[in-house]
2 protein chains.
Amino acid sequence: MHFSSRLLEQAVDEFGRLPGVGKKTALRLVLHLLKQSDGEVARFTGAINQLKEQIKYCKTCFNIADVDTCEICASPKRDKEIICVVEDTRDVMAIENTNQYQGVYHVLGGLISPMDGVGPADLKIEALIDRLKTGEVKEVILALSATMEGDTTIFYLYRKLKDFDVQISTIARGIAFGGELEYVDEVTLGRSIATRIPYERSVG
Amino acid sequence: MHFSSRLLEQAVDEFGRLPGVGKKTALRLVLHLLKQSDGEVARFTGAINQLKEQIKYCKTCFNIADVDTCEICASPKRDKEIICVVEDTRDVMAIENTNQYQGVYHVLGGLISPMDGVGPADLKIEALIDRLKTGEVKEVILALSATMEGDTTIFYLYRKLKDFDVQISTIARGIAFGGELEYVDEVTLGRSIATRIPYERSVG
């Protein structure tokens, strides 16, 4: 791409660094911003700068928050005896949307991934262990992705946590609701048969 | 979506306003930025602010530029007798990439679109007419998209320009190179037969 302006090229380069944003998309987004009013562009960049400068992480669960202790950890209605361990804030949002969970969270901030240079020390694992040392916690749910990185992290956490007097569980894996058997991949289907549960339990 | 942080929500809202960026993508992009260093985020927002504050438009062709007269208009190598009229800077880039064009450009800044509230007065049409009044221009190529808006704009420009002593042409429409006949839409195929050209001309 040959740009008629160095300033334009710089802005497109910056947008193109975002995950999943190619050069053509970056150019489209930058030209869109350029058509907006000064105030709208200032609001766009201001929101990002403000987020970066002022963002806090809950000192208990490490979820993104505007204050030192997030809403969920501060709520007297949430069950502090159950901790759901997740990768990032998106997973908290997804689980909160189900309205099925009344415990609290622990946000690791990633998954163990040697390929990406992410080791256990890069995640909030020691802080999780500290939470268990209080003896208040009865159950830890490992709600991590069904990927290689997720499984590696679950395995690592299990070894770290198994000597505590807590129930360690993982979220159920199997066929999604509405999923048709013939389209399910072999691994999922095989595992969902191996980990079958009595009918009485499956209906809650 | 329930956000654990108002700052996060604001930044996601701003990203979600960009064309083609949904809420989930916006959240993914914002969380990516949040993981970058302070310097990298400052460079991202700085590039956009700088572009918006300092961008200039060539006073002759209205292409985006860092100076008052763009590289193309300033070049003694470019043929000032031919003006290629395009919608925006992306079209200039696309045509420059072909290395087939040695004339200059005129960037309209959009296409006539009553649906989007864009009328002729919103485009750089008067400035194009002023360029023709110098008598220096011999040909105007209308290189606009083969869409309803493109055709409307071509029709409007043709009426405005036809009384000047210039050749007005449009870029050829037809089957793209590598395109298989059976997959070409009816309108394109019909027109490409109606506007067929002698073989000797088709091979340049």
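Here the residue numbers are simple positions, counted from 1 along each chain's written sequence. Each chain gets a letter, beginning with A, and each ligand a number, beginning with 1, in the order they are written. Residue-level local features of this predicted model are given only where pLDDT is at least 70; pairs of side-chain atoms are given and counted only at 80 or more, and the full residue set underlies all totals for whole chains, interfaces and linings. Here the side-chain values reflect all heavy atoms present in the structure, with hydrogen atoms and water set aside.

- Chain A is annotated in an unreviewed UniProt entry as Recombination protein RecR from Sphingobacterium suaedae.
- Listed under Sequence similarities (unreviewed entry) in UniProt, the entry text for chain A is "Belongs to the RecR family."
- UniProt positions are given in the numbering used here, feature names are shortened, and annotations may be inferred rather than shown by experiment. In UniProt, chain A has this text filed under Function (unreviewed entry): "May play a role in DNA repair. It seems to be involved in an RecBC-independent recombinational process of DNA repair. It may act with RecF and RecO."

### Remarks on the overall build of chain A
Consideration 1: Each helix and strand in chain A was counted, giving nine helices and six strands.
Consideration 2: Here the C-alpha atoms of chain A give a radius of gyration of 22 Å, more than 25% beyond the 17 Å that 2.2 N^0.38 yields for 204 residues.
Consideration 3: In terms of overall dimensions, chain A has a C-alpha envelope of 65 × 45 × 35 Å along the principal axes.
Consideration 4: The buried share among the 204 residues of chain A stands at 39%.
Consideration 5: Where accessible areas are quoted, they stem from the Shrake-Rupley method and a 1.4 Å probe; at the residue level, only the protein chains shown are allowed to cover. Here chain A displays about 12,000 Å² of accessible surface, and carbon together with sulfur accounts for 52% of that area.
Consideration 6: In summary, the charge assignment counts Lys and Arg as positive and Asp and Glu as negative, without counting His or the chain termini. The location of each charge is read from NZ of Lys, CZ of Arg, CG of Asp or CD of Glu. Each charge class in chain A can be summarised by its mean position, and for the 25 positive and 30 negative side chains these summaries are 3 Å apart. The helix count covers DSSP runs of H or I at least four residues long, the strand count covers runs of E at least two residues long, and both are numbered beginning at the N terminus. As defined in this context, the radius of gyration uses C-alpha atoms, and a globule is described by 2.2 Å times the residue total to the power 0.38. Remark: exposure states derive from per-residue accessible area (1.4 Å probe, protein chains only) relative to the maximum for the residue type, with buried under 20%, exposed over 50%, and partly exposed in between.

### Some thoughts on the UniProt feature "domain: Toprim" (unreviewed entry) in chain A
Consideration 1: Look at the UniProt record and you will see "domain: Toprim" (unreviewed entry) annotated at residues 81–176 of chain A.
Consideration 2: With 34% helix and 20% strand, residues 81–176 of chain A has its two end C-alpha atoms placed 28 Å apart.

### Considerations on the sheet that holds strand 5 (residues 139–142) of chain B
Residues and elements named next belong to chain B.
Consideration 1: The pairing criterion is simple: DSSP has to find at least two bridges between the two strands. A sheet is described by the order of its strands in space; here four strands give the open sequence 4-3-5-6, paired in parallel fashion. This sheet does not close on itself; its edge strands, each paired only once, are strand 4 (103–107) and strand 6 (167–170). Taking each pair of neighbouring strands and ignoring which way they run, the sheet shows an average axis angle of 25°.
Consideration 2: Where strand 3 (residues 79–86) meets strand 5, four bridges bridge the pair, whose relative direction is parallel. Bridged to Cys84 within strand 5 is Ile141. For helices, the fitted line uses only the C-alpha atoms of the stretch in contact; every axis is such a line through C-alpha atoms, and the angle between N-to-C directions lies from 0 to 180 degrees.

### What about the sheet that holds strand 6 (residues 167–170) of chain A?
All names here are of chain A.
Consideration 1: Spatial ordering of the open sheet is given by 4-3-5-6, a layout of four strands whose pairing is parallel. The two strands at the open ends of the sheet, each matched to only one other strand, are strand 4 (103–107) and strand 6. Taken pair by pair, the neighbouring strands of this sheet meet at an average axis angle of 25°, ignoring direction.
Consideration 2: Docked against the sheet, helix 6 (residues 125–133) engages strand 3 (79–86), strand 4 and strand 5 (139–142), running at close to 150° with respect to strand 4. We call two residues contacting when some pair of their heavy atoms lies within 4.5 Å.

### What to know about the nonpolar core
Consideration 1: Ranked by internal contacts, the top residues of the largest apolar core, which has 45 residues, are A:Leu8, A:Phe15, A:Phe44, B:Leu8, B:Phe15 and B:Phe44.
Consideration 2: For this core, the elements supplying multiple residues, two or more each, are helix 1 (6–16), helix 2 (23–35) and helix 3 (38–54) of chain A together with helix 1 (6–16), helix 2 (23–35) and helix 3 (38–54) of chain B.
Consideration 3: Sequence-distant contacts of A:Leu8, defined by excluding residues within four places in its chain, comprise A:Phe3, A:Leu27, A:Val30, A:Leu31, B:Leu51, B:Ile64 and B:Thr89.
Consideration 4: What is meant by a nonpolar core is a set of buried Ala, Val, Leu, Ile, Met, Phe, Trp, Tyr and Cys residues, joined one to another through side-chain atoms within 4.5 Å. Counting residues in hydrophobic clusters, the runner-up holds 36 residues, among them A:Cys61, A:Cys73, A:Leu108 and A:Leu161.

### With respect to the relation of the copies chain A and chain B
Consideration 1: We place the copies in one frame by least squares, fitting the C-alpha atoms of every residue whose pLDDT is at least 70 in both. Mapping chain A onto chain B calls for a screw motion: a turn of 180° about the axis and a shift of 0.0 Å along it, with 0.1 Å RMSD after fitting. The operation mapping one copy onto its partner corresponds to a two-fold rotation axis. Rotation axis and chain A: the residue whose C-alpha lies nearest the axis is A:Thr45, separated from it by 2.6 Å.
Consideration 2: A shared binding surface is used by both copies, with 100% of the interface residues of chain A retained as interface residues in chain B.

### A closer look at the packing of aromatic side chains
Consideration 1: Two rings from Phe, Tyr or Trp (for Trp, the six-membered ring) form a pair when their centres are within 6.5 Å of each other. A pair whose planes differ by under 30 degrees is stacked, one over 60 is edge-to-face, and the rest are tilted. Counted under the stated rule, the structure contains six aromatic pairs over all chains.
Consideration 2: Centre to centre, the rings of A:Phe44 and B:Phe15 are 5.1 Å apart; their planes meet at 55°, and the pair counts as tilted. One end of the pair, A:Phe44, is in helix 3; the other, B:Phe15, is in helix 1, on a second chain. The residues A:Phe44 and B:Phe15 share a single accessibility class, namely buried.

### A few points about unusual backbone geometry
Consideration 1: Its identity as a non-glycine residue notwithstanding, A:Phe62 has a phi of 65°, on the positive side.
Consideration 2: Turning to its location among the elements, A:Phe62 is positioned in the loop between strand 1 (56–57) and strand 2 (64–65).
Consideration 3: Phi is positive for B:Asn99, which is not a glycine, with a value near 60°.
Consideration 4: As for its placement among the helices and strands, B:Asn99 is situated in the loop between helix 5 (89–98) and strand 4.

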